[in-house]
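Descriptive structure summary
What follows is the residue order along each chain.
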Amino acid sequence: FTEADYRTLTPPSGCVVYADPPYAGTTGYGKHFNSKEFWSVMESWAGFGSRVFVSEYSCPANWWVVWQKLRTRDMKSHFTNAVQVTEKLFYHEPELK
């Protein structure tokens, strides 16, 4: 198991990758996050033979939902801003395009 910034990794073919980026449209932990670059890297890893799973609210068109759950999202300091969201786990397999 390895926990690291995706920009510092090159996973070997055949490994399983679980990525949990800052969700698009959220505060992103107060840092800029390049979602387009992230998804491109995840697709390249899948293309080289890794099994790639990503936790997010939405994904590019060539990814598949393998799990989802409706939950209430709130920022602990802002309970008045709670909203219902569907968290999803996506999978990409190039030959399924």
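Refer to the structure above for everything that follows.
Residue positions are given per chain, counting from 1 as you read along its sequence in written order. Per-residue local features of the predicted model are confined to residues with pLDDT of at least 70, and side-chain atom pairs are confined, for both listing and counting, to 80 or more; whole-chain, interface and lining totals are unaffected and use all residues. Where side-chain values are given, they derive from all heavy atoms of the structure, hydrogens and water being excluded.

1. As for the overall build of the protein
Convention followed: Only DSSP runs of H or I reaching four residues or more are called helices, and only runs of E reaching two or more are called strands; each is numbered from the N terminus. Throughout, exposure labels follow a simple rule: accessible area from a 1.4 Å probe, protein chains only, divided by the maximum for the residue type, with under 20% read as buried, over 50% as exposed, and the rest as partly exposed. By definition in these notes, contact holds between two residues if any of their heavy atoms fall within 4.5 Å. The Shrake-Rupley method, run with a 1.4 Å probe sphere, supplies the accessible areas, and residue values consider only the shown protein chains as cover.
Looking only at helices and strands, one finds one helix and four strands in the protein. Counting from the amino terminus, the protein carries its helices and strands in the arrangement β-α-β-β-β. Split into buried and exposed, the 97 residues of the protein put 29% on the buried side. Considering only contacts within the protein whose residues lie at least 6 apart along the sequence, 62% involve residues at least 24 apart. Carbon and sulfur atoms provide 56% of the accessible area of the protein, an area that totals close to 6900 Å².

2. Comments concerning the nonpolar core
Let me state the cut-off plainly: Nonpolar core, defined: a set of buried Ala, Val, Leu, Ile, Met, Phe, Trp, Tyr and Cys residues in which side-chain atoms within 4.5 Å join the residues together.
In this structure, Phe38, Trp39, Met42, Trp45, Val52, Val54 and Trp63 are the most contacted members of the largest nonpolar core, which totals 13 residues. Ranked by the residues each element gives to this core, the list is headed by helix α1 (residues 35–47), at five residues. Apart from residues lying up to four places away in sequence, Phe38 is in contact with Tyr6, Ala19, Pro21, Phe33 and Val54.

3. Some remarks on the pairing of strand β2 (residues 51–56)
Put simply, the rule is: Pairing between strands requires that DSSP locate at least two bridges from one strand to the other.
With five of its six residues buried, β2 lies for the most part within the structure. Two elements, strand β1 (residues 16–19) and β2, share four bridges in a ladder whose sense is parallel. Residue pairing in the sheet places Tyr18 in a bridge with Phe53 of β2. When β2 meets strand β4 (residues 83–92), the two strands line up antiparallel, connected through five bridges. Among the inter-strand pairings, Ser55 is bridged to a residue of β4, identified as Leu89.

4. With respect to the sheet that holds β4
Note the threshold: Only the contacting stretch of a helix is used when fitting its axis, a line to C-alpha atoms as for every element, and angles between N-to-C directions run 0 to 180 degrees.
Judged by pairing direction, the sheet is mixed, and its four strands sit side by side in the order β1-β2-β4-β3 without closing on themselves. Since the sheet does not close on itself, it has two edges, and those belong to β1 and β3 (64–73), each with one partner. On average, adjacent strands in this sheet sit at an angle of 15 degrees to one another, irrespective of strand direction. Against the sheet, α1 engages β1, β2 and β4, with an angle of about 155 degrees to β2.

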